[in-house]
Amino acid sequence: MADDSTVRQRKPAPAEEPEDLQEETPVQKPKKRRANIDDDDLDVYTPWVDILRVLTFLLMASCGLSYVISGGESWFWGMKHKPNYMTADYWKDIIKGPDPPIYLTLDELAGYDGTDPEKPVYMSINGTIFDVSNGRHIYGPGGSYHAFAGCDAARGFVTGCFVDDRNADLRGTELMFMPLDDPETDAHWTEKELEAKRAQELEAAKQRVHGALLHWVKFYSNSKKYKKIGYVVREEGWLDKEPLKELCAAAQKGRKKRVVPEV
């Protein structure tokens, strides 16, 4: 038996580490839940559906654009007479500039009335020639304005008589804007008053003829669809050699009696 005086020594307990030196337990982040995606679903997806949708949209957009640009003529760009900005000549003029003006006699101009599909369609108004090929369906054979093609029909533009007035002689067209003489109605004025009134009416009628003609000259000159290309060649004094033309029936029919002033 060991000596009682011998003090049994216990192993000293290990000193506790300071809290700041203790190894921290890492905080576990919550795991992201994986979406429940079936592998079979991934195998089924195909891009052809999206491609088909895009192609369908482009087709419908193209058809709509064709219909608008062609003025309802075609859904599939099958226009017989494309707008000038879709032709090679239009862009040629943009790049190199317009061609020099051409000069044609009336006989030469008549060859461009649209009956020959290989030739452009020309028309003239008051001596200026315009290329109206972009409106061949209007100015060509069977078109509503075919009477204007291949000639200078300035008179017809004023009177509205397309067939009868296919010429540039404007003499007498002012009558369509003047009132008819009527003995019963005209008796409300003295001879002197009536003479002065007729002079005023004639001047006003000439201004209306000028305005009507100027309207169409500006229309064709400012058009983006048609273009001015030249001038009609006539011999000097040609108008004096032409017989004076009567006012066409339609223009004559539009004339009214003078309005009696209210007392």
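Every chain begins its residue count from 1, and numbering advances along the sequence as written. Selection of residues for local features in this predicted model requires a pLDDT of at least 70, selection of side-chain atom pairs for listing and counting requires 80 or more, and totals for whole chains, interfaces and linings are taken over all residues. Excluded from the side-chain calculation are hydrogens and water; included are all heavy atoms of the structure.

A.B. asks: Go over helix H8 (residues 191–221) with me, naming the residues and quoting the values.
C.D. replies: In this model, H8 (31 residues) spans 45 Å end to end at C-alpha, consistent with the 45 Å of a helix rising 1.5 Å per residue. Buried, partly exposed and exposed residues are distinguished by accessible area as a fraction of the type maximum, computed with a 1.4 Å probe on protein chains only: under 20%, between the cut-offs, and over 50%, respectively. Helix and strand labels come from DSSP, where a helix needs a run of H or I of at least four residues and a strand needs a run of E of at least two; each type is numbered from the N terminus. Regarding H8, the residues found buried are Leu 194, Glu 201, Ala 205, Val 209, Leu 213 and Tyr 220. Every helix has an expected span of 1.5 Å times one less than the residues it contains.

A.B. asks: Can you tell me about the packing of aromatic side chains, naming the residues and giving the values?
C.D. replies: Paired rings are identified among Phe, Tyr and Trp, the last through its six-membered ring, by centres lying within 6.5 Å, and are further divided according to the angle between planes into stacked (under 30 degrees), edge-to-face (over 60) and tilted (the rest). With the rule as written, the count across this model stands at 15 aromatic pairs. With a centroid separation of 6.4 Å and 35 degrees between ring planes, the pair formed by Trp 216 and Tyr 220 is classed as tilted. With a gap of four residues between them, Trp 216 and Tyr 220 both fall in helix H8, about one helical turn apart. Taking the relative accessible area as the measure of exposure, Trp 216 reaches 26% and is therefore partly exposed. Judged by its relative accessible area of 2%, Tyr 220 is buried. Connected via pairs of aromatic rings, a cluster forms that spans Phe 130, Tyr 139, Tyr 145, Phe 148, Phe 157, Phe 162, Trp 216, Phe 219, Tyr 220 and Tyr 226. A ring is considered to have a charge above it if a Lys NZ or an Arg CZ atom is located within 6 Å of its centre and within 35 degrees of its normal. Sitting over the ring of Trp 238, Arg 234 keeps its end group 4.5 Å from the ring centre.

A.B. asks: Please set out the side chain of Asp 165 residue by residue, giving values where relevant.
C.D. replies: With respect to the helices and strands, the residue Asp 165 is situated in the loop between helix H6 (154–159) and helix H7 (183–186). Polar contact is defined as a pair of N or O atoms within 3.5 Å, subject to the rule that within protein one atom must be able to donate a hydrogen and the other to accept it, and that residues adjacent in sequence are counted only when both atoms are side-chain atoms. Within polar-contact distance, the side chain of Asp 165 engages the side chain of Thr 159 at 2.6 Å. Apart from residues lying up to four places away in sequence, Asp 165 is in contact with Ala 153, Arg 155, Gly 156, Thr 159 and Cys 248. Pairs of residues are marked as contacts when any of their non-hydrogen atoms sit within 4.5 Å.

A.B. asks: An account of the environment of Arg 136 is needed here, citing residue identities and associated values.
C.D. replies: Positionally, Arg 136 belongs in helix H5 (residues 136–139). Judged by its relative accessible area of 17%, Arg 136 falls in the buried class.

A.B. asks: Before we move on, could you go through a nonpolar patch on the surface and cite the residues and values that matter?
C.D. replies: Surface patches are defined over residues having more than 30% relative accessible area and no salt bridge, joining like charges when they lie within 9 Å and nonpolar side chains (Val, Leu, Ile, Met, Phe, Trp, Tyr) when within 5 Å. Areas reported here follow the Shrake-Rupley algorithm with a probe of radius 1.4 Å; residue values treat only the protein chains shown as occluding. A pairing counts as a salt bridge when a side-chain nitrogen of Lys or Arg comes within 4 Å of a carboxyl oxygen of Asp or Glu. Residues Trp 48, Ile 51, Val 54, Leu 55, Phe 57 and Leu 58 make up a contiguous nonpolar surface patch of about 670 Å² in total accessible area. Inspection of the secondary structure assignment puts Leu 58 in helix H2 (residues 48–69).

A.B. asks: Got a sec to walk through the pairing of strand E3 (residues 128–131)? Specific residues and values, please.
C.D. replies: Here E3 shows two buried faces, one formed by Thr 128 and Phe 130 and the other by Ile 129 and Asp 131. At least two DSSP bridges between two strands are needed for those strands to be called paired. By the bridge criterion, four bridges tie strand E2 (residues 122–125) to E3 in an arrangement that is antiparallel. Following the sheet pairing, Ile 125 is matched in E3 by Thr 128. In this sheet, strand E4 (residues 227–232) lies alongside E3 in antiparallel orientation, the contact comprising four bridges. Bridged to Phe 130 within E4 is Lys 228.

A.B. asks: I'd like to hear about the pattern of salt bridges, residue by residue, with values.
C.D. replies: Should the charged atoms of two oppositely charged side chains come close, the side chains can pair. On inspection of all chains with the given rule, the structure shows 12 salt bridges. A salt bridge links Asp 165 to Arg 155, with the shortest nitrogen-to-oxygen separation between them at 3.4 Å. One end of the pair, Asp 165, is in the loop between H6 and H7; the other, Arg 155, is in helix H6, and 10 residues separate them in sequence. The two residues Asp 165 and Arg 155 agree in class, both being buried. Here the residues in one salt-bridge network are Asp 181, Asp 186, Arg 198, Glu 201 and Arg 258, joined through shared partners.

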